[in-house]
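# Inside the fold
The residues making up each chain are set out below.
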Amino acid sequence: MSKKVLVLGETRAGQLRNVSFEAVAAGKTAAQGGEVIGVLIGDAVSSLAEEMIQHGADRVLTVEDEKLGQYTSDGFAQALMAVIEQEQPDGILFGHTALGKDLSPKIAAKLNTGLISDATAINEENGEIVFTRPIYSGKAFEKVVVEDGLLFATVRPNNIEPLQKDETRSGDVSSVSASIKDLRTIIQDVVRKSTDGVDLSEAKVIIAGGRGVKSEEGFQPLKELADVLGGAVGASRGACDADYCDYSLQIGQTGKVVTPDLYIACGISGAIQHLAGMSNSKVIVAINKDPEADIFKVADYGIVGDLFEVIPMLTEEFKKV
Ligand code: FAD
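Presented here is an overview of the structure given in this document. (Residues numbered from 1 in each chain as written. Predicted model: local features only at pLDDT ≥ 70, side-chain atom pairs only at ≥ 80, totals over all residues. Heavy atoms only, no water.)

## Description of the environment of Leu183
Along the polypeptide, Leu183 turns up in the loop between β12 (173–175) and β13 (205–209). Note on Leu183: relative accessible area 18%, which makes it buried. Contact partners of Leu183, with chain neighbours within four places excluded, come to Lys67, Thr72, Asp74, Gly75 and Gln78. (Helix = DSSP H or I, 4+ residues; strand = E, 2+ residues; numbered from the N terminus. Buried < 20%, exposed > 50% of the residue type's maximum accessible area, 1.4 Å probe, protein only. Contact = heavy atoms within 4.5 Å.)

Structure below.
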(Lines give C-alpha, C1' and ligand atoms only; values in the text may rest on other atoms or scores of the structure.)
Protein backbone atom coordinates (compact mmCIF):
# COMPACT_ATOMS: atom_id res chain seq x y z
CA MET A 1 0.00 0.00 0.00
CA SER A 2 1.54 3.30 -1.01
CA LYS A 3 2.21 5.80 1.74
CA LYS A 4 2.89 9.45 2.36
CA VAL A 5 6.24 9.94 4.11
CA LEU A 6 7.69 13.18 5.52
CA VAL A 7 11.48 13.55 5.55
CA LEU A 8 13.07 16.32 7.60
CA GLY A 9 15.90 18.04 5.72
CA GLU A 10 18.70 19.06 8.05
CA THR A 11 21.00 21.96 7.33
CA ARG A 12 24.43 22.99 8.48
CA ALA A 13 26.07 26.29 7.53
CA GLY A 14 23.29 26.96 5.01
CA GLN A 15 23.71 23.61 3.21
CA LEU A 16 21.65 20.43 3.36
CA ARG A 17 23.47 17.69 5.22
CA ASN A 18 24.07 14.46 3.32
CA VAL A 19 21.98 12.52 5.83
CA SER A 20 18.93 14.41 4.51
CA PHE A 21 19.42 12.77 1.09
CA GLU A 22 19.98 9.38 2.74
CA ALA A 23 16.68 9.86 4.63
CA VAL A 24 14.93 10.75 1.35
CA ALA A 25 16.21 7.46 -0.15
CA ALA A 26 14.88 5.63 2.95
CA GLY A 27 11.62 7.55 2.50
CA LYS A 28 11.29 6.21 -1.05
CA THR A 29 11.40 2.65 0.28
CA ALA A 30 9.03 3.44 3.16
CA ALA A 31 6.54 5.15 0.82
CA GLN A 32 6.22 1.96 -1.30
CA GLY A 33 5.54 3.95 -4.45
CA GLY A 34 3.72 6.72 -2.59
CA GLU A 35 4.81 10.28 -1.93
CA VAL A 36 7.99 11.51 -0.23
CA ILE A 37 7.62 15.05 1.09
CA GLY A 38 10.74 16.96 2.14
CA VAL A 39 10.29 19.32 5.09
CA LEU A 40 12.60 22.29 5.58
CA ILE A 41 12.45 24.37 8.76
CA GLY A 42 14.44 27.56 9.33
CA ASP A 43 14.42 31.30 8.71
CA ALA A 44 15.35 31.15 5.00
CA VAL A 45 15.44 27.59 3.74
CA SER A 46 13.26 27.53 0.62
CA SER A 47 16.31 27.90 -1.65
CA LEU A 48 17.33 24.37 -0.57
CA ALA A 49 14.03 22.77 -1.62
CA GLU A 50 15.13 22.15 -5.21
CA GLU A 51 18.12 20.09 -4.09
CA MET A 52 15.87 17.87 -1.97
CA ILE A 53 13.63 17.29 -4.98
CA GLN A 54 16.66 16.53 -7.17
CA HIS A 55 17.60 13.85 -4.63
CA GLY A 56 14.19 12.20 -4.79
CA ALA A 57 11.60 14.18 -2.78
CA ASP A 58 8.33 14.55 -4.72
CA ARG A 59 7.55 17.93 -3.19
CA VAL A 60 8.85 20.10 -0.37
CA LEU A 61 7.10 21.99 2.42
CA THR A 62 8.89 24.83 4.14
CA VAL A 63 8.20 26.45 7.49
CA GLU A 64 10.05 29.74 7.68
CA ASP A 65 10.19 32.10 10.64
CA GLU A 66 13.01 34.22 12.01
CA LYS A 67 12.52 32.41 15.35
CA LEU A 68 13.55 29.19 13.58
CA GLY A 69 16.94 30.51 12.47
CA GLN A 70 18.63 28.50 15.20
CA TYR A 71 17.46 25.02 16.18
CA THR A 72 15.44 24.80 19.38
CA SER A 73 13.46 21.67 20.13
CA ASP A 74 10.26 23.52 21.03
CA GLY A 75 10.46 25.84 17.97
CA PHE A 76 11.13 23.01 15.51
CA ALA A 77 8.51 20.81 17.21
CA GLN A 78 5.86 23.50 16.72
CA ALA A 79 6.85 23.90 13.06
CA LEU A 80 6.88 20.17 12.37
CA MET A 81 3.59 19.57 14.18
CA ALA A 82 1.96 22.16 11.88
CA VAL A 83 3.20 20.15 8.87
CA ILE A 84 2.07 16.85 10.39
CA GLU A 85 -1.40 18.23 11.14
CA GLN A 86 -1.71 19.48 7.57
CA GLU A 87 -0.40 16.36 5.84
CA GLN A 88 -1.43 13.50 8.16
CA PRO A 89 1.54 11.37 6.97
CA ASP A 90 1.93 7.60 7.25
CA GLY A 91 5.64 7.93 7.98
CA ILE A 92 8.23 10.44 9.27
CA LEU A 93 12.01 10.09 8.88
CA PHE A 94 14.84 12.12 10.41
CA GLY A 95 18.60 11.71 10.36
CA HIS A 96 19.96 10.10 13.53
CA THR A 97 21.93 13.25 14.28
CA ALA A 98 22.11 15.44 17.38
CA LEU A 99 19.04 17.29 16.05
CA GLY A 100 17.18 14.12 15.10
CA LYS A 101 17.96 12.48 18.44
CA ASP A 102 16.65 15.54 20.27
CA LEU A 103 13.53 16.24 18.20
CA SER A 104 12.23 12.76 17.33
CA PRO A 105 11.27 11.59 20.85
CA LYS A 106 9.51 14.90 21.46
CA ILE A 107 7.43 14.49 18.31
CA ALA A 108 6.77 10.80 19.09
CA ALA A 109 5.49 11.78 22.53
CA LYS A 110 3.24 14.50 21.06
CA LEU A 111 1.82 12.00 18.58
CA ASN A 112 1.63 9.26 21.20
CA THR A 113 3.43 6.90 18.85
CA GLY A 114 6.52 4.70 18.83
CA LEU A 115 9.91 5.55 17.37
CA ILE A 116 12.50 3.32 15.68
CA SER A 117 15.76 5.05 16.43
CA ASP A 118 19.10 4.65 14.65
CA ALA A 119 17.94 2.54 11.69
CA THR A 120 20.89 1.32 9.62
CA ALA A 121 18.77 -0.15 6.83
CA ILE A 122 15.21 -0.08 5.57
CA ASN A 123 13.83 -2.68 3.19
CA GLU A 124 10.58 -3.93 1.82
CA GLU A 125 10.11 -7.64 2.61
CA ASN A 126 6.94 -9.42 1.50
CA GLY A 127 5.13 -6.11 1.26
CA GLU A 128 6.19 -5.01 4.77
CA ILE A 129 8.62 -2.23 5.63
CA VAL A 130 11.42 -3.67 7.76
CA PHE A 131 13.85 -1.45 9.68
CA THR A 132 17.21 -2.83 10.84
CA ARG A 133 18.76 -1.28 13.92
CA PRO A 134 21.69 -2.12 16.22
CA ILE A 135 21.14 -3.38 19.76
CA TYR A 136 23.52 -4.18 22.64
CA SER A 137 25.91 -1.41 21.55
CA GLY A 138 26.11 -2.70 17.99
CA LYS A 139 26.85 -6.35 18.90
CA ALA A 140 23.60 -7.51 17.29
CA PHE A 141 20.98 -6.16 14.93
CA GLU A 142 17.23 -6.45 15.23
CA LYS A 143 14.60 -6.12 12.53
CA VAL A 144 11.57 -4.06 13.40
CA VAL A 145 8.20 -3.91 11.67
CA VAL A 146 5.51 -1.38 12.54
CA GLU A 147 2.32 -3.43 12.57
CA ASP A 148 -0.07 -0.57 13.08
CA GLY A 149 0.41 3.17 13.11
CA LEU A 150 3.02 5.67 12.04
CA LEU A 151 6.36 4.59 10.49
CA PHE A 152 8.53 6.93 12.53
CA ALA A 153 12.30 6.41 12.45
CA THR A 154 15.68 8.09 12.57
CA VAL A 155 18.30 6.85 10.09
CA ARG A 156 21.97 6.56 10.95
CA PRO A 157 24.21 8.74 8.74
CA ASN A 158 26.40 6.97 6.15
CA ASN A 159 24.37 3.75 6.01
CA ILE A 160 21.71 4.26 3.36
CA GLU A 161 22.85 5.13 -0.15
CA PRO A 162 21.32 8.43 -1.32
CA LEU A 163 19.65 8.46 -4.72
CA GLN A 164 21.61 9.84 -7.64
CA LYS A 165 21.03 13.59 -7.99
CA ASP A 166 18.77 14.24 -10.98
CA GLU A 167 18.79 17.90 -12.00
CA THR A 168 15.82 17.38 -14.34
CA ARG A 169 13.47 16.47 -11.46
CA SER A 170 10.96 19.09 -10.42
CA GLY A 171 8.26 19.27 -7.77
CA ASP A 172 6.03 21.63 -5.91
CA VAL A 173 7.49 23.80 -3.14
CA SER A 174 5.00 25.41 -0.78
CA SER A 175 5.04 26.93 2.66
CA VAL A 176 3.17 25.92 5.77
CA SER A 177 2.31 28.62 8.25
CA ALA A 178 2.94 27.89 11.88
CA SER A 179 2.74 30.35 14.72
CA ILE A 180 5.95 29.85 16.62
CA LYS A 181 5.32 31.09 20.13
CA ASP A 182 6.22 30.73 23.78
CA LEU A 183 9.69 29.40 23.05
CA ARG A 184 11.30 28.31 26.29
CA THR A 185 14.78 28.49 24.80
CA ILE A 186 16.19 31.49 22.97
CA ILE A 187 19.62 30.99 21.36
CA GLN A 188 21.54 34.24 21.81
CA ASP A 189 24.79 33.24 20.20
CA VAL A 190 26.48 30.13 18.80
CA VAL A 191 30.21 29.73 19.25
CA ARG A 192 31.38 27.03 16.88
CA LYS A 193 34.43 24.93 17.59
CA SER A 194 36.76 24.76 14.65
CA THR A 195 36.49 21.16 13.44
CA ASP A 196 39.05 21.33 10.64
CA GLY A 197 36.63 20.67 7.82
CA VAL A 198 35.10 17.22 7.52
CA ASP A 199 32.18 16.40 9.81
CA LEU A 200 33.05 13.29 11.84
CA SER A 201 29.58 11.71 11.71
CA GLU A 202 29.40 11.98 7.91
CA ALA A 203 33.09 11.36 7.11
CA LYS A 204 33.88 8.53 4.68
CA VAL A 205 37.38 8.15 6.15
CA ILE A 206 38.26 8.51 9.85
CA ILE A 207 41.73 8.40 11.36
CA ALA A 208 41.22 7.90 15.08
CA GLY A 209 43.84 8.26 17.76
CA GLY A 210 43.95 6.76 21.23
CA ARG A 211 46.10 7.06 24.30
CA GLY A 212 48.94 5.59 22.24
CA VAL A 213 49.17 8.94 20.44
CA LYS A 214 50.65 10.19 23.73
CA SER A 215 50.14 13.97 23.38
CA GLU A 216 48.25 16.72 21.57
CA GLU A 217 51.20 17.04 19.15
CA GLY A 218 51.00 13.28 18.59
CA PHE A 219 47.75 13.86 16.68
CA GLN A 220 49.62 15.83 13.98
CA PRO A 221 50.61 12.78 11.85
CA LEU A 222 46.98 11.59 12.06
CA LYS A 223 45.77 14.99 10.80
CA GLU A 224 48.23 14.83 7.91
CA LEU A 225 46.99 11.37 6.91
CA ALA A 226 43.36 12.54 7.23
CA ASP A 227 44.12 15.53 4.97
CA VAL A 228 45.66 13.30 2.30
CA LEU A 229 42.65 10.94 2.39
CA GLY A 230 40.04 13.71 2.67
CA GLY A 231 38.97 12.33 6.03
CA ALA A 232 38.31 13.46 9.58
CA VAL A 233 40.21 12.88 12.81
CA GLY A 234 38.48 11.07 15.68
CA ALA A 235 39.60 9.82 19.07
CA SER A 236 39.06 7.32 21.85
CA ARG A 237 37.88 8.50 25.20
CA GLY A 238 41.31 7.58 26.52
CA ALA A 239 42.82 10.28 24.30
CA CYS A 240 40.11 12.80 25.25
CA ASP A 241 40.46 12.09 28.98
CA ALA A 242 44.21 12.57 28.68
CA ASP A 243 43.51 16.02 27.17
CA TYR A 244 45.22 15.19 23.86
CA CYS A 245 42.12 16.38 21.97
CA ASP A 246 38.63 17.76 22.36
CA TYR A 247 35.71 15.60 23.52
CA SER A 248 33.85 16.54 20.32
CA LEU A 249 36.15 13.98 18.61
CA GLN A 250 35.24 11.11 20.95
CA ILE A 251 33.91 7.99 19.27
CA GLY A 252 32.14 5.27 21.20
CA GLN A 253 29.32 4.42 23.52
CA THR A 254 29.38 7.84 25.16
CA GLY A 255 30.69 9.64 22.07
CA LYS A 256 29.75 9.65 18.41
CA VAL A 257 28.67 6.56 16.49
CA VAL A 258 30.36 6.48 13.08
CA THR A 259 30.19 4.18 10.06
CA PRO A 260 32.80 5.42 7.58
CA ASP A 261 34.03 3.42 4.59
CA LEU A 262 37.49 3.35 6.20
CA TYR A 263 38.36 3.61 9.91
CA ILE A 264 42.03 3.64 10.89
CA ALA A 265 42.46 3.13 14.65
CA CYS A 266 45.87 4.31 15.82
CA GLY A 267 47.09 3.46 19.33
CA ILE A 268 43.59 2.41 20.44
CA SER A 269 43.30 -0.78 22.52
CA GLY A 270 39.75 -1.67 21.42
CA ALA A 271 37.73 -1.38 24.62
CA ILE A 272 34.11 -2.50 24.23
CA GLN A 273 32.90 1.09 24.76
CA HIS A 274 35.05 2.29 21.84
CA LEU A 275 33.94 -0.58 19.59
CA ALA A 276 30.31 0.42 20.21
CA GLY A 277 30.95 3.57 18.20
CA MET A 278 32.94 2.24 15.24
CA SER A 279 32.62 -1.52 14.81
CA ASN A 280 30.13 -1.13 11.94
CA SER A 281 32.66 0.78 9.83
CA LYS A 282 33.01 -0.85 6.42
CA VAL A 283 36.78 -1.44 6.56
CA ILE A 284 38.72 -1.23 9.83
CA VAL A 285 42.50 -0.91 9.95
CA ALA A 286 44.24 -1.09 13.32
CA ILE A 287 47.75 0.11 14.09
CA ASN A 288 48.97 -0.97 17.52
CA LYS A 289 52.29 -1.95 19.11
CA ASP A 290 50.61 -4.74 21.07
CA PRO A 291 49.78 -7.78 18.88
CA GLU A 292 47.30 -8.94 21.57
CA ALA A 293 45.29 -5.68 21.51
CA ASP A 294 41.53 -6.31 21.28
CA ILE A 295 41.18 -3.86 18.40
CA PHE A 296 42.70 -6.52 16.12
CA LYS A 297 39.65 -8.75 16.78
CA VAL A 298 37.41 -6.34 14.86
CA ALA A 299 40.01 -5.14 12.34
CA ASP A 300 39.96 -6.21 8.69
CA TYR A 301 43.65 -5.29 8.42
CA GLY A 302 46.07 -5.09 11.32
CA ILE A 303 49.49 -3.48 11.46
CA VAL A 304 51.59 -4.36 14.51
CA GLY A 305 53.97 -1.48 14.92
CA ASP A 306 54.68 2.00 16.24
CA LEU A 307 52.08 4.42 14.91
CA PHE A 308 54.68 7.19 14.70
CA GLU A 309 56.58 5.08 12.16
CA VAL A 310 53.61 3.52 10.34
CA ILE A 311 51.41 6.60 9.82
CA PRO A 312 54.03 8.80 8.07
CA MET A 313 54.79 5.85 5.75
CA LEU A 314 51.08 5.49 4.91
CA THR A 315 50.77 9.23 4.33
CA GLU A 316 53.73 9.23 1.91
CA GLU A 317 52.34 6.24 0.01
CA PHE A 318 48.81 7.71 -0.24
CA LYS A 319 50.30 10.99 -1.53
CA LYS A 320 51.59 9.06 -4.53
CA VAL A 321 48.12 7.72 -5.44
P1 FAD B 1 44.32 2.43 26.07
O2 FAD B 1 43.36 1.37 26.47
O3 FAD B 1 45.30 2.91 27.08
O4 FAD B 1 45.09 1.89 24.79
C5 FAD B 1 46.18 2.53 24.20
C6 FAD B 1 46.72 1.59 23.13
O7 FAD B 1 47.77 2.25 22.44
C8 FAD B 1 47.31 0.29 23.68
O9 FAD B 1 46.66 -0.80 23.05
C10 FAD B 1 48.78 0.35 23.30
O11 FAD B 1 49.31 -0.93 22.93
C12 FAD B 1 48.74 1.29 22.11
N13 FAD B 1 49.98 2.04 21.86
C14 FAD B 1 50.73 2.74 22.76
N15 FAD B 1 51.76 3.35 22.13
C16 FAD B 1 51.65 3.04 20.82
C17 FAD B 1 52.41 3.37 19.65
N18 FAD B 1 53.46 4.20 19.73
N19 FAD B 1 52.03 2.85 18.48
C20 FAD B 1 50.96 2.02 18.36
N21 FAD B 1 50.20 1.68 19.42
C22 FAD B 1 50.54 2.19 20.64
N23 FAD B 1 36.03 4.83 25.37
C24 FAD B 1 35.88 5.30 24.12
O25 FAD B 1 36.81 5.28 23.31
N26 FAD B 1 34.68 5.84 23.75
C27 FAD B 1 33.61 5.90 24.56
O28 FAD B 1 32.55 6.40 24.15
C29 FAD B 1 33.75 5.39 25.89
N30 FAD B 1 32.71 5.40 26.73
C31 FAD B 1 32.87 4.83 27.99
C32 FAD B 1 31.77 4.75 28.85
C33 FAD B 1 31.91 4.17 30.08
C34 FAD B 1 30.71 4.07 30.97
C35 FAD B 1 33.16 3.65 30.48
C36 FAD B 1 33.32 3.00 31.82
C37 FAD B 1 34.24 3.74 29.65
C38 FAD B 1 34.13 4.34 28.40
N39 FAD B 1 35.21 4.43 27.53
C40 FAD B 1 35.01 4.87 26.26
C41 FAD B 1 36.59 4.13 27.96
C42 FAD B 1 37.09 2.77 27.54
O43 FAD B 1 36.70 1.79 28.50
C44 FAD B 1 38.62 2.76 27.43
O45 FAD B 1 39.17 3.15 28.67
C46 FAD B 1 39.16 3.67 26.35
O47 FAD B 1 38.51 3.42 25.13
C48 FAD B 1 40.66 3.41 26.18
O49 FAD B 1 41.18 4.32 25.27
P50 FAD B 1 42.47 3.92 24.43
O51 FAD B 1 42.22 2.68 23.66
O52 FAD B 1 42.87 5.13 23.68
O53 FAD B 1 43.58 3.72 25.56
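## Focus on the sheet that holds strand β10 (residues 140–145)
Taking strand neighbours across the sheet as the criterion, the three strands line up as β8-β9-β10 in an open arrangement whose pairing is antiparallel. Strands with a single pairing partner mark the edges of an open sheet, and in this sheet they are β8 (121–125) and β10. Neighbour-to-neighbour, the strand axes of the sheet open up by a mean angle of 30°, direction not taken into account. Two elements, strand β9 (residues 128–135) and β10, share six bridges in a ladder whose sense is antiparallel. Pairing of Pro134 across the sheet is with Phe141, part of β10. Those strands touched by helix α1 (residues 18–31) are β8 and β9, and its axis lies near 20° from that of β8. (Pairing = 2+ DSSP bridges. Axes fitted to C-alpha atoms, helices over the stretch in contact; angles between N-to-C directions.)

## Considerations on the pattern of salt bridges
Pairing of side chains with opposite charge becomes possible as their charged atoms draw close. If you walk through the whole model with that rule in mind, you get 18 salt bridges. Between Arg17 and Asp199 there is a salt bridge, with the nearest N and O atoms lying 2.8 Å from each other. Here Asp199 lies in the loop between β12 and β13 and Arg17 lies in the loop between β3 (15–16) and α1, a separation of 182 residues in the sequence. Of the two residues, Arg17 and Asp199, neither departs from the other in class, the shared state being buried. Glu316 serves as the salt-bridge partner of Lys319, at 3.4 Å between the closest nitrogen and oxygen. Residue Lys319 and its partner Glu316 are both found in helix α9 (residues 307–320); the two are separated by three residues, about one turn of the helix. Note on Lys319: relative accessible area 52%, which makes it exposed. (Salt bridge = Lys/Arg side-chain N within 4 Å of Asp/Glu carboxyl O.)

## Details of unusual backbone geometry
Most peptide bonds take the trans configuration, and most residues that are not glycine carry a negative phi. A positive phi angle, near 50°, is found at Gln32, a position not held by glycine. Summarising the element assignment, Gln32 is placed in the loop between α1 and β4 (35–42). Residue Tyr136 is not a glycine yet carries a positive backbone phi of 50°.

## Observations regarding a nonpolar patch on the surface
Where nonpolar side chains cluster on the molecular surface, the patch consists of Val228, Phe318 and Val321 and spans about 280 Å² of accessible area. Mapping Val228 onto the fold places it in helix α5 (residues 220–229). Residue class for Val228 comes out partly exposed when judged on its relative accessible area of 31%. (Patch = residues over 30% accessible without salt bridge, like charges linked within 9 Å, V, L, I, M, F, W, Y side chains within 5 Å. Areas by Shrake-Rupley, 256 points an atom, 1.4 Å probe, with all protein chains shown as cover.)

## Side note on the nonpolar core
In terms of nonpolar packing, the biggest core is built from 30 residues, with Val7, Leu40, Met52, Val60, Leu93, Ile122 and Phe131 touching the most fellow members. Per element, the largest residue contribution to this core is seven residues, and it comes from α1. Residues in contact with Val7, not counting those within four places in the same chain, are Ser20, Ala23, Val24, Gly27, Val36, Ile37, Gly38, Val39, Met52 and Leu93. Counting 27 residues, the second-largest nonpolar core is a separate cluster that includes Leu6, Val39, Leu68 and Ile180. (Core = buried A, V, L, I, M, F, W, Y, C linked by side-chain atoms within 4.5 Å.)

## Considering the pairing of β8
Here β8 runs beside β9; their pairing, made up of five bridges, is antiparallel. Across the sheet, Ala121 pairs through a bridge with Thr132, a residue of β9. Counted between consecutive antiparallel strands, the loop separating β8 from β9 contains two residues, among which Asn126 sits at a positive phi close to 50°.

## Some details on the packing of helix α3 (residues 73–87) against helix α4 (residues 98–111)
It is the contact of α3 with α4, at a shortest axis distance of 10 Å, that shows an interaxial angle of 55°. Taken as axis vectors, α3 and α4 run oblique relative to one another. Note on packing geometry: the crossing formed by α3 with α4 is right-handed. Packed against α3, whose contacting residues are Ser73, Asp74, Phe76, Ala77, Leu80, Met81 and Ile84, the element α4 presents Leu99, Asp102, Leu103, Lys106, Ile107, Lys110 and Leu111 at the interface. Of the residues that constitute the contact of α3 with α4, the class distribution is nine nonpolar, one polar and four charged. (Parallel < 35°, antiparallel > 145°, perpendicular 65-115°, else oblique. Left-handed = near helix turned anticlockwise from the far one by under 90°. Nonpolar A, V, L, I, M, F, W, Y, C, P; charged D, E, K, R; others polar.)

## Details of the pairing of strand β16 (residues 283–288)
Counted residue by residue, β16 has five buried out of six residues, so it is predominantly covered. Of the pairings in the sheet, the one linking strand β15 (residues 262–266) to β16 comprises five bridges and is parallel in character. Counterpart to Leu262 in the pairing with β16 is Val283. For the crossover that starts at β15, traverses helix α7 (residues 272–278) and ends in the parallel β16, the hand is right-handed. Inspection of the sheet shows β16 paired to strand β17 (residues 301–304) by four bridges, in the parallel sense. In the sheet register, Asn288 faces β17, and the bridge partner there is Val304. (Right-handed = clockwise from strand over helix to strand, strands pointing away.)

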